[in-house]
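# Coordinates in review
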Amino acid sequence: MLSLPVLPDHFTFPRVLPAAAPLHLVAQLHALLLKLGFHAHTQSLNALLAAYLASARPDFASRVFRGGGSARTILDVVSWTTMVGGLCKLGLVDDAREVFDGMPERNLISWNAMVSGYVKAGRFLDALEVFDEMRAQGVDGNGSVAASAVVACTGAGALAPGREVHRWVERSGIEMDEKLATAVVDMYCKCGSVDEARRVFEALPAKGLTSWNCMIGGFAVHGRCGDAVELFGRMESEGVAPDDVTLVNVLTACAHAGMVGEGRHYFDYIVRRYGVEPKMEHYGCMVDLYGRAGLLDEAKKVIDEMPMEPDVGVLGALFGACKIHGEVDLGEAIGWRVIELDPQNSGRYVLLANLLAGAGRWEDVAKVRRLMDERDVSKEAGLSVIEVDGEVCEFRCGGLCHPLAEEVYTMAKDMMRRIAAEGYVPDTRDVLHDIADEEKETPLLYHSEKLAIAFGLLCSRPGDTMRITKNLRVCRDCHEATKFVSRVFEREIVVRDRNRFHHFKDGKCSCKDYWG
């Protein structure tokens, strides 16, 4: 076109800039845009901002955006929203928030860009804060912003806000399409209320494969294998063929419930009947299924006969099983292999050190810890989040920065004293110190889960439900202590750890102690 020559007009740049992926082409078009005097054309400027952000050059986009003079006067809501969305996609959410806060006007797309940006960055509470501000200003939502808010509640493990978002969707008349409905089902499952998830699922007029998978997976992580298998049967009867995700969920359900025979059956059946090709994660599920049940030879056989080299996840499942069942020799061999495959994961070192400590091999424990120091690997601190009256509070292992810190510590000590009087005995097997058992009990008191429970006891009454989310797997001692707390203090305590949910009530856990 230029060679004819035909000069571009104000329609040209908004159409050609999105196609200019390489940075040098964007820069050339920018120069031509200036040369031809279209720098004061809003749509051309917006396309230029988007092109620089798509080329991962937020610095150039910011120079154009903050260009001063005439450039500032022609910015519209699309210009501002383009900057917010583009910066969020590049992970620069704080810079995006600064732009967002300075917007002279906002539309629904602007709000959704900021909410979804925080969600993608894993800053779920910030996302909910922006969402609440949007609603407070009376902005009508849509399915996209609703889905982002629901995902934020899921990530934060915040059931009360999740319920409120769900009610808001229903009041607002927003269409509950499959994507949004699946997000709501997933939220209830991952926030510990699988029965509410089921009610939403059953109310769906049409259920796609994603919805079925989400509900089956929800039952799986709550240890409700019977419900998961029953739902899988319903899914088949309604003519919905399973996929590789379905297979993972069914196998996970069987593994959490210790149903080895059923897991073996469904692996063979789904692969043969529906032609689902087993992938790495499916073999990992089978290793986990056998390993949790103590069938370590069967688990090792799965690894030896896999058609591909096992990854760190598959080997890690066998490694964890060795720790559960005290198989030191095999566990040590697999443990060193896992560490070399995943050298920056502190959990691998800790698990190996715990395995060796349980065998009293303190010199080898010290060797593991020295290797961590040499590789500058820090142990991931335990973090527990508890929801109280719709507010989410964080507690970290070993320390407490909270306005009620003194009261929480006092309650934690009283809690441990009262459950000890009822028969609780601290499980010190995983405390990594070659010291007397009595001295090992003190570090256990400051585990993040116990601090969160103590805070929950301060803020609740008998009969209430406390919901806690952990970043790590629940330890043996916290699991046993929480069972006692649920009975002595008459609370239902729902704990979501890295692997699954535990529902504690009347001194029992939904996992039936099959949780390792």
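Here is what the cut-offs are and how they apply
- Residues numbered from 1 in each chain as written.
- Predicted model: local features only at pLDDT ≥ 70, side-chain atom pairs only at ≥ 80, totals over all residues.
- Heavy atoms only, no water.
- Pairing = 2+ DSSP bridges.
- Helix = DSSP H or I, 4+ residues; strand = E, 2+ residues; numbered from the N terminus.
- Contact = heavy atoms within 4.5 Å.
- Axes fitted to C-alpha atoms, helices over the stretch in contact; angles between N-to-C directions.
- Salt bridge = Lys/Arg side-chain N within 4 Å of Asp/Glu carboxyl O.
- Phe/Tyr/Trp six-rings, centres within 6.5 Å; stacked < 30°, edge-to-face > 60°.
- Buried < 20%, exposed > 50% of the residue type's maximum accessible area, 1.4 Å probe, protein only.
- Lys NZ or Arg CZ within 6 Å of the ring centre and 35° of its normal.
- UniProt positions renumbered as here; feature names shortened; annotations may be inferred.
- Patch = residues over 30% accessible without salt bridge, like charges linked within 9 Å, V, L, I, M, F, W, Y side chains within 5 Å.
- Areas by Shrake-Rupley, 256 points an atom, 1.4 Å probe, with all protein chains shown as cover.
- Lys, Arg positive; Asp, Glu negative; His and termini not counted.
- Charge placed at Lys NZ, Arg CZ, Asp CG, Glu CD.
- Domains from an automatic or database assignment.
- pLDDT = per-residue confidence, 0-100.
- Arc of directions from axis to C-beta.

Here we take up the sheet that holds strand 1 (residues 383-388). In space, the 6 strands of this open sheet follow the order 2-1-3-4-5-6, with mixed pairing throughout. A strand with exactly one partner marks an edge of an open sheet, and here the two such strands are strand 2 (391-396) and strand 6 (508-509). Relative to strand 6, strand 5 (residues 501-505) runs antiparallel, the two being bridged by 2 bridges. What sits directly across from Phe-504, in strand 6, is Cys-509. Packing against the sheet, helix 27 (residues 476-488) makes contact with strand 4 (492-496), strand 5 and strand 6, and its axis sits at approximately 35° to strand 5.

Moving on, we get to the pattern of salt bridges. A full pass over the atoms with the stated rule returns 31 salt bridges. Among the charged side chains, a salt-bridge network with shared partners connects Asp-195, Arg-198, Glu-202, Arg-224, Asp-227 and Arg-234.

As a further point, take the packing of aromatic side chains. The tally for this structure, following the rule as stated, stands at 11 aromatic pairs. Measuring from ring centre to ring centre gives 5.3 Å for Phe-395 and Phe-455, while their planes differ by 45°; the resulting arrangement is tilted. Separated by 60 residues along the polypeptide, Phe-395 in strand 2 and Phe-455 in helix 26 (residues 448-458) bring together distant segments of the chain. The burial state of Phe-395 is the same as that of Phe-455; both residues are buried. Ring geometry for Tyr-424 versus Phe-484: centroids 6.1 Å apart, planes at 70°, classification edge-to-face. Residue Tyr-424 is found in the loop between helix 24 (405-421) and helix 25 (437-445), and its partner Phe-484 is found in helix 27; the two are separated by 60 residues along the sequence. Judged by relative accessible area, which is 5%, Tyr-424 ranks as buried. Above the ring of Phe-60, the side-chain terminus of Arg-57 is found at 4.1 Å from the ring centroid. The ring centre of Trp-111 lies 4.9 Å from the NZ or CZ of Arg-106, which sits over that ring.

This next bit is on the UniProt feature "repeat: PPR" (unreviewed entry) in the protein. Per the UniProt annotation, the sites labelled "repeat: PPR" (unreviewed entry) are residues 76-106, 107-141, 177-207 and 208-242. Counted over residues 76-106, helix gives 71% and strand 0%. Its end C-alpha atoms are 10 Å apart. Its end C-alpha atoms 11 Å apart, residues 208-242 is made of 74% helix and 0% strand.

Right, let's talk about a negative patch on the surface for a bit. Together, Asp-297, Glu-298, Glu-327 and Asp-329 make up a negatively charged patch on the protein surface. By the element assignment, Glu-327 lies in the loop between helix 20 (312-325) and helix 21 (328-341). The exposure class assigned to Glu-327 is partly exposed, which follows from its relative accessible area of 32%.

Glancing now at the domain arrangement of the protein. Looking at the assigned domains, one finds that the protein contains domain 1 (1-93), domain 2 (280-380) and domain 3 (385-509). Between domain 1 and domain 2, the C-alpha centre-to-centre distance is 52 Å.

Right, let's talk about the confidence of the model for the protein for a bit. Averaged over all residues, the pLDDT of the protein equals 90, while 94% of them reach at least 70. Contacts of residues 433-441 to residues separated by more than four positions or lying in other chains number 11 contacts, the stretch itself having pLDDT below 50.

A cluster of nonpolar side chains, contributed by Met-1, Leu-4 and Val-6, occupies part of the molecular surface with about 310 Å² of accessible area. Its place among the elements puts Met-1 in the segment before helix 1 (13-16).

Attention shifts here to helix 19 (residues 296-305). Given 3.6 residues per turn, any residue in an α-helix points the same way as the ones three and four places further on. Among the residues of helix 19, those classed as buried are Leu-296, Ala-299, Val-302 and Ile-303. The buried residues of helix 19 occupy an angular sector of 120° when the element is viewed end-on, so they sit on one face. What points out from helix 19, more than 90 degrees from its buried face, is the exposed set Asp-297, Asp-304 and Glu-305.

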